[in-house]
Amino acid sequence: MDKKTLRKEILSIRDRNSRDEIILKSSIIFKKITKTEIFEKAKNIMTFVSFGTEVDTSSFISLCLSLGKNVSIPYIKDAKNSVMIASRLYDVKDLVKGYLDIPELPFEKLDEVDKGDIDIIITPCVCFDYNRYRVGYGKGFYDRFFVDCDAVKIGVCFDECVVENIDIDEYDVAADMVVTDKRIFI
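What comes next is a walk through the structure. As a convention, each chain's residues are numbered from 1 in the sequence order in which they are written. Only residues with pLDDT of at least 70 are given local features in this predicted model, and only at 80 or more are side-chain atom pairs given and counted; all residues enter the totals for whole chains, interfaces and linings. The basis for every side-chain value is the complete set of heavy atoms in the structure, and neither hydrogens nor water enter the calculation.

### Regarding the sheet that holds strand β11 (residues 162–163)
Part 1 of the reasoning: Any two strands with at least two DSSP bridges between them are considered paired. In DSSP terms, a helix is any run of H or I states spanning at least four residues, a strand is any run of E spanning at least two, and both are numbered starting from the N terminus. Pairing is mixed in the open sheet, where three strands are placed in the order β9-β8-β11. Because the sheet does not close on itself, it has two edges, and the strands there are β9 (134–135) and β11.
Part 2 of the reasoning: One ladder, built from two bridges, connects strand β8 (residues 127–129) with β9; its direction is antiparallel. Bridge pairing links F128 to R134 in β9.

### Side note on the nonpolar core
Part 1 of the reasoning: Among the nonpolar cores identified, the biggest contains 52 residues, and I33, I121, I122 and F145 are the most heavily contacted of them.
Part 2 of the reasoning: Contact criterion: two residues are considered in contact whenever any of their non-hydrogen atoms come within 4.5 Å of each other. Those residues in contact with I122 that sit more than four places away from it in its chain are F30, I33, I45, M46, T47, F48, F60, I154 and V156. Think of a nonpolar core as a cluster: buried Ala, Val, Leu, Ile, Met, Phe, Trp, Tyr and Cys residues, connected wherever their side-chain atoms sit within 4.5 Å. Relative accessibility thresholds used throughout: buried, under 20% of the residue-type maximum; exposed, over 50%; partly exposed, between the two (1.4 Å probe, protein chains only).

### Digging into empty space enclosed by the protein
Part 1 of the reasoning: Using protein atoms alone on a 1 Å grid, points that fit a 1.4 Å probe yet trap it form a cavity, whereas open point sets bounded by protein on both sides within 12 Å along at least five of seven lines form a pocket; residues with an atom within 4 Å of a point count as lining. Grid points are joined across faces, edges and corners, and a volume is the space filled by probe spheres set on the points. This model, assessed by the stated rule, comprises one cavity of 30 Å³ or more.
Part 2 of the reasoning: Here the largest cavity defines a volume of roughly 50 Å³.
Part 3 of the reasoning: R14, F48, E54, V55, P124, C125, V156, C157, F158 and C161 are the residues that line the largest cavity.

### A closer look at the sheet that holds strand β10 (residues 152–156)
Part 1 of the reasoning: If you trace the eight strands from one edge of the open sheet to the other, you get β6-β3-β2-β1-β7-β10-β12-β13, paired in mixed fashion. Each having just a single partner strand, β6 (112–113) and β13 (184–185) make up the two edges of the open sheet.
Part 2 of the reasoning: Pairing of strand β3 (residues 83–89) with β6, which is carried by two bridges, proceeds in the antiparallel orientation. By the bridge assignment for β6, A86 is matched with V113.
Part 3 of the reasoning: Between N-to-C directions, angles cover 0 to 180 degrees, with each direction set by a line fitted to C-alpha atoms, over the stretch in contact for helices. Its contacts with the sheet put helix α2 (residues 19–34) on β7 (120–123), β10, β12 (177–179) and β13, and the angle it makes with β10 is roughly 160 degrees.
Part 4 of the reasoning: Running over the sheet, helix α4 (residues 58–66) touches β1 (44–47), β2 (70–78), β3 and β7 and is turned about 165 degrees from β1.

### Digging into a negative patch on the surface
Part 1 of the reasoning: Put simply, a patch holds well-exposed residues, over 30% relative accessible area, that have no salt bridge, with like charges counted together within 9 Å and Val, Leu, Ile, Met, Phe, Trp or Tyr side chains within 5 Å. Exposure was quantified through the Shrake-Rupley algorithm and a 1.4 Å probe, taking into account, for residues, occlusion by the shown protein chains and nothing else. Here, a salt bridge means any side-chain nitrogen of Lys or Arg that lies within 4 Å of a carboxyl oxygen of Asp or Glu. For this count, His and the chain ends are skipped, Lys and Arg are scored as positive, and Asp and Glu as negative. Lysine's charge is taken at NZ, arginine's at CZ, aspartate's at CG and glutamate's at CD. Side chains of D111, E112, D114, D117 and D119 sit close together on the surface and give a patch of like negative charge.
Part 2 of the reasoning: Checked against the element boundaries, E112 lands in strand β6.

### Concerning the environment of D111
Part 1 of the reasoning: Note on placement: D111 falls in the loop between β5 (103–104) and β6.
Part 2 of the reasoning: D111 sits 23 residues away from R88 along the chain, and the two C-alpha atoms are 5.3 Å apart.
Part 3 of the reasoning: Those residues in contact with D111 that lie beyond four places of it in its chain are A86, S87, R88 and Y90.
Part 4 of the reasoning: What qualifies as a polar contact is a pair of N or O atoms within 3.5 Å, subject to a donor-acceptor requirement within protein and to the restriction that residues adjacent in sequence count only when both atoms come from side chains. A distance of 2.4 Å separates the side chain of D111 from the side chain of Y90, its partner in a polar contact.

### Focus: the pattern of salt bridges
Part 1 of the reasoning: This structure, assessed with the given rule, holds seven salt bridges.
Part 2 of the reasoning: Between R19 and D56 there is a salt bridge; the shortest N-O distance is 2.5 Å. With a gap of 37 residues between them, R19 in helix α2 and D56 in the loop between β1 and α4 connect regions that are remote in the sequence.
Part 3 of the reasoning: Given the relative accessible area of 9%, D56 is considered buried.

### With respect to unusual backbone geometry
Part 1 of the reasoning: Non-glycine residue S82 carries a positive phi angle of around 55 degrees.
Part 2 of the reasoning: A relative accessible area of 7% means that S82 is categorised as buried.
Part 3 of the reasoning: Phi at L100 is positive, roughly 55 degrees, even though this residue is not glycine.

### Notes on the packing of aromatic side chains
Part 1 of the reasoning: Only rings of Phe, Tyr and Trp enter the pairing, Trp through its six-membered ring, and a pair is recorded when the two centres are within 6.5 Å. The plane angle decides the type: under 30 degrees is stacked, over 60 is edge-to-face, the rest tilted. According to the stated counting rule, one finds six aromatic pairs in the structure shown.
Part 2 of the reasoning: Between Y99 and F141, the ring centres sit 5.6 Å apart and the planes meet at 75 degrees, which makes this aromatic pair edge-to-face. Placement of the pair is Y99 in the loop between β4 (96–97) and β5 and F141 in helix α5 (residues 141–146), with a sequence separation of 42 residues.
Part 3 of the reasoning: Joined through ring pairs, the aromatic side chains of F30, F39 and F60 make up one cluster.

### Comments concerning the pairing of β1
Part 1 of the reasoning: Of the two faces of β1, the one lined by N44 and M46 and the one lined by I45 and T47 are each fully buried.
Part 2 of the reasoning: Bridge count for β1 against β2 is three bridges, and the pairing is parallel. Paired with I45 across the two strands is V71, which belongs to β2.
Part 3 of the reasoning: Note: β1 against β7, three bridges, orientation parallel. If you follow I45 over to β7, its bridge partner there is I120.

Given below as structure tokens:
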């Protein structure tokens, strides 16, 4: 199945989750991540800021900040060329609607983080497959960001959004680990 069709099909499945289900499943996912040695040792964590029916990252971001971890989030620097940077997040109150209404920092609050300093990247998706490849929203921001990036890439999604196989191309980058509310793929 082509990515566009798969994206549409999985989004319709994911959109059936109630807000309570999203919060519960997200909590399970992040409890698994925070119990890993990778997370415990990490000083610099990049995560997406969730919107819609994605895995909810709000509690995870708050936890990371309370633990004194450096948190960075994506900032779309050049949408036309799918260029994304990481920017340090100091306070969630600073977030505004950005590209496609996704929460991000306003330009005047940007504090760019060198991707070489990032220990973990929590990666969003529409779905993952058993080989840890993802279908995102079709713009390639994360795959481009992952080039020359040694951070541990941890994909998160709800278990019903895992598919057997995704048709990949030369630009697709697999996550190092995928965590769902029911399974972990390494």
